[in-house]
Amino acid sequence: MFIKKGMIFLFVLSLLFIPESFYLSSAHSLQKIGDSELLADLTEQVGPAVVNIDWETKVKTRSYDPFGNFFDFGFGFGSRRSPFEKFYTDREIPVSGAGSGVIIDSKNGYIITNEHVIREADQDKINVTLLDGKKLTGKVIGSDRKLDIAIIKVTSKHLPEA
């Protein structure tokens, strides 16, 4: 415990010997980064290249239905089902997802996004909406789950670029 306090004391003491010019230049650059005009300019330049990505698909599932097929006794007529299987119903449920991406190559129509945004999507039916409201259909070109990154390709002329 004494060593920890001593290390903290030495660290604070060492800060006294850092030149004042270091503090002033760091504070000045932080002020520039936090400047709202700079952020507004950056948003204005990059904003049109930001896209909305959404998708919808159907997933097959089994659900428990205590009254489903109650009179199916599971014997005769070639039925090989378990007697308990009559209480489960196969069905498809809609699943959707959404996220954002950035156009990184407007000439070839490449968009970068997170892999988790398109993980469950039908890889050929990704809906991409541009800032001006134009809707495009995209296709997943590649993805990496560990890096959480994916590339989508759309076909369109005159795409904005970041």
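One can find the structure itself at the top, above this paragraph.
Cut-off values and rules
- Residues numbered from 1 in each chain as written.
- Predicted model: local features only at pLDDT ≥ 70, side-chain atom pairs only at ≥ 80, totals over all residues.
- Heavy atoms only, no water.
- Pairing = 2+ DSSP bridges.
- Helix = DSSP H or I, 4+ residues; strand = E, 2+ residues; numbered from the N terminus.
- Phe/Tyr/Trp six-rings, centres within 6.5 Å; stacked < 30°, edge-to-face > 60°.
- Lys NZ or Arg CZ within 6 Å of the ring centre and 35° of its normal.
- Contact = heavy atoms within 4.5 Å.
- Core = buried A, V, L, I, M, F, W, Y, C linked by side-chain atoms within 4.5 Å.
- Buried < 20%, exposed > 50% of the residue type's maximum accessible area, 1.4 Å probe, protein only.

Asker: How should I be thinking about the pairing of strand S5 (residues 135-144) in this particular structure?
Answerer: Regular strands place side chains that alternate from one sheet face to the opposite one. Two elements, strand S4 (residues 126-129) and S5, share four bridges in a ladder whose sense is antiparallel. Within S5, the position partnered with Ile126 by the bridge is Gly138. The pairing of S5 with strand S6 (residues 149-154) spans six bridges and is antiparallel. What sits directly across from Gly142, in S6, is Ile151. In sequence, S5 turns back onto S6 through a hairpin of four residues, with Asp148 there showing a positive phi of about 55 degrees.

Asker: I keep staring at the packing of aromatic side chains and nothing clicks. Help me out?
Answerer: The geometry of two aromatic rings is summed up by the distance between their centres and the angle between their planes. One pass over the full model with this rule turns up zero aromatic pairs. The ring of Tyr110 has Lys153 lying over it, and the distance from NZ or CZ to the ring centre is 4.9 Å.

Asker: Can you walk me through the side chain of Glu115 in this structure?
Answerer: With respect to the element layout, Glu115 can be found in helix H4 (residues 115-118). What Glu115 contacts, discounting residues up to four positions off in sequence, is Ser143, Asp144, Arg145, Asp148, Ile149 and Ala150.

Asker: Just to check I follow, could you spell out the nonpolar core for this structure?
Answerer: Soluble globular proteins tend to pack their nonpolar side chains together in the buried interior. In this structure, Ile53, Ile111, Ile118 and Ile126 are the most contacted members of the largest nonpolar core, which totals 18 residues. When residues of this core are traced back to their parent elements, those giving at least two are strand S1 (50-64), H4, S4, S5 and S6. Excluding anything up to four places from it in sequence, Ile126 contacts Ile53, Asp54, Trp55, Ile118, Ala121, Leu136, Thr137, Gly138, Val140 and Ile152.

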